[in-house]
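# What the coordinates show
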Amino acid sequence: MNHATVIVNITHPRDADLQKKSLWFSEQPGITLLTSSPKSLAGGAEEPPYPILHITRKGIYLEAGDHPLHFHPSMALLRVMQILRGEGDRFLEAVDLRAGDVFLDATLGLGTDALVAAAQVGAQGKVMGIEHSPILAALVKDGLRTLAQGDCPRVQNPDKAKAWQVLAEAAQRIEVLWGDHLELLAGYPAAFADVVYFDPMFRHTREKSASIRPLHEVANSCSLQGETIAEACRVAKRRVVLKERKASREFSRLGFEIQEGGNYSHVDYGIIHKEGAGS
Ligand SMILES: C[S@@+](CC[C@H](N)C(=O)[O-])C[C@H]1O[C@@H](n2cnc3c(N)ncnc32)[C@H](O)[C@@H]1O
């Protein structure tokens, strides 16, 4: 299992709320929090280059590599606004979720797709998100619980305000699980989830964009194993979905049928339909 050592920097060490946050992070599975020292924050020679978790009055972020990594539902917000306007979402077309579904996101990352899925399955549904990086899992879990508390910015635009409300409710339906997806999938009974989804880091390995770089520092970038897909097929009732680079060989290697559409997109979605599931 991928345990992580992280240095914690509390900007106002006497602030009880920030101390509480720090304690919460120290209790999350897989994480060892080291208290910051000026030397370690300056990259002192004695300390290995661990990521730094900054706990501030304005929010929490991880400094890994050159860029900050924080949980922010901005992309999910945009997508939910489009969905509420009746516009399509390729991810939703691929996963084909229905109200009340159980959706298992086996590569949670920053939780954008999980939030969109949680909005779609509604109050009776459930989303479980598996993330291999313990610090990423904790960062997203913290962000989701803050969002679920309705701690949203005040906005004038009624569509945006509605989307924030939808996201706050959706966040309450997401359970974040730290671990390796193969190990966790193997522990679920057959047909436990309606849909199992993978959006691996693998296709991003050569990507140099600033937005994805901090994720690289902490995320697992391995390719998917055939054994993992076999477990996902056992656990999924209706379908297993894979997001990958356009026309990627990963689809045929792992047995996915590419869904048509997205001519101008750089990604494709592949589907394995469960026999007799009628979808
Ligand atoms: C491209 S990101 C997913 C982005 C996500 N769909 C979103 O909307 O934010 C892929 C994530 O999968 C995680 N991951 C890769 N291999 C994993 C594994 N074996 N078990 C669990 N998570 C894994 C990575 O650590 C990374 O955070």
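In case you missed it, the structure is sitting above this.
Residues numbered from 1 in each chain as written. Predicted model: local features only at pLDDT ≥ 70, side-chain atom pairs only at ≥ 80, totals over all residues.

## Quick notes on the overall build of the protein chain
Summing up its helical and strand segments, the protein chain has 11 helices and 12 strands in all. Buried positions account for 39% of the 279 residues belonging to the protein chain. Sequence-distant contacts, at least 24 apart, represent 71% of the contacts inside the protein chain between residues at least 6 apart. (Helix = DSSP H or I, 4+ residues; strand = E, 2+ residues; numbered from the N terminus. Buried ≥ 20, exposed ≤ 12 C-beta atoms within 10 Å, placed from the backbone. Contact = placed C-beta atoms within 7 Å.)

## Some points on the sheet that holds strand 1 (residues 4-10)
Read from one edge of the open sheet, five strands run 2-1-3-4-5, paired in mixed fashion. Because the sheet does not close on itself, it has two edges, and the strands there are strand 2 (31-35) and strand 5 (67-69). Each neighbouring strand pair of the sheet contributes to a mean axis angle of 35°, computed without reference to strand direction. Relative to strand 4 (residues 59-64), strand 3 (residues 52-56) is paired through five bridges, and the arrangement is antiparallel. By the bridge assignment for strand 4, Ile-52 is matched with Glu-63. Along the sheet, helix 1 (residues 16-26) contacts strand 1, strand 2, strand 3 and strand 4; its crossing angle with strand 1, the most-contacted strand, is approximately 175°. (Pairing = 2+ DSSP bridges. Axes fitted to C-alpha atoms, helices over the stretch in contact; angles between N-to-C directions.)

## Things to note about the site of the ligand
Among the 19 residues in the neighbourhood of the ligand, the closest are listed as Thr-107, Gly-109, Thr-112, His-132 and Ala-219. For the shell around the ligand, the secondary structure elements donating two or more residues are helix 5 (112-121) and strand 7 (126-131). Here the shell around the ligand is built from residues that sort into seven nonpolar, eight polar and four charged. (Near = placed C-beta within 6 Å. Nonpolar A, V, L, I, M, F, W, Y, C, P; charged D, E, K, R; others polar.)

## Observations concerning unusual backbone geometry
If you check the backbone angles, Asp-96 has positive phi at about 50° while not being a glycine. Within the fold, Asp-96 resides in the loop between helix 4 (90-95) and strand 6 (102-105). Positive phi, normally seen in glycine, also occurs at Ala-191, with a value near 60°. You can see Ala-191 is positioned in the loop between helix 8 (181-186) and strand 9 (193-198).

## A short note on the nonpolar core
Phe-103, Ala-118, Leu-167 and Val-196 are the most contacted members of the largest nonpolar core, which has 74 residues in total. Ranked by residues supplied to this core, first place goes to helix 6 (residues 134-148) with eight residues. The residue makeup of this core includes at least three contributed by each of domain 1 (4-64) and domain 2 (74-273). (Core = buried A, V, L, I, M, F, W, Y, C linked by C-beta atoms within 7 Å. Domains from an automatic or database assignment.)

## Section: the pairing of strand 2
On any regular strand, side chains alternate: one points to one face of the sheet, the next to the other face. Bridge count for strand 1 against strand 2 is five bridges, and the pairing is parallel. Paired with Thr-5 across the strands is Thr-32, a residue of strand 2. With helix 1 bridging strand 1 and the parallel strand 2, this β-α-β connection has right-handed handedness. (Right-handed = clockwise from strand over helix to strand, strands pointing away.)

## Examining helix 6
Taking 1.5 Å per residue, 15 residues should reach 21 Å; helix 6 reaches 21 Å between its end C-alpha atoms and fits that length. The buried fraction of helix 6 is high, at 11 of 15 residues. Turning to helix 6, its buried residues number three or more, namely Pro-134, Ile-135, Leu-136, Ala-137, Ala-138, Leu-139, Val-140, Lys-141, Gly-143, Leu-144 and Leu-147. Positive phi shows up at Gly-150, right after helix 6, with a value of about 80°. (Expected span 1.5 Å × (residues − 1).)

## Quick notes on the packing of helix 3 (residues 74-84) against helix 7 (residues 158-171)
Between helix 3 and helix 7, the least distance of the axes is 9 Å, while the angle of their chain directions is 110°. The angle between helix 3 and helix 7 falls in the class roughly perpendicular. Here helix 3 and helix 7 pass one another in a crossing that is right-handed. Facing Ala-76, Leu-77, Val-80, Met-81 and Leu-84 of helix 3, the residues of helix 7 in contact are Asp-159, Lys-160, Lys-162, Ala-163, Trp-164, Val-166 and Leu-167. (Parallel < 35°, antiparallel > 145°, perpendicular 65-115°, else oblique. Left-handed = near helix turned anticlockwise from the far one by under 90°.)

Geometric descriptors of this kind do not, in isolation, establish any biological role.
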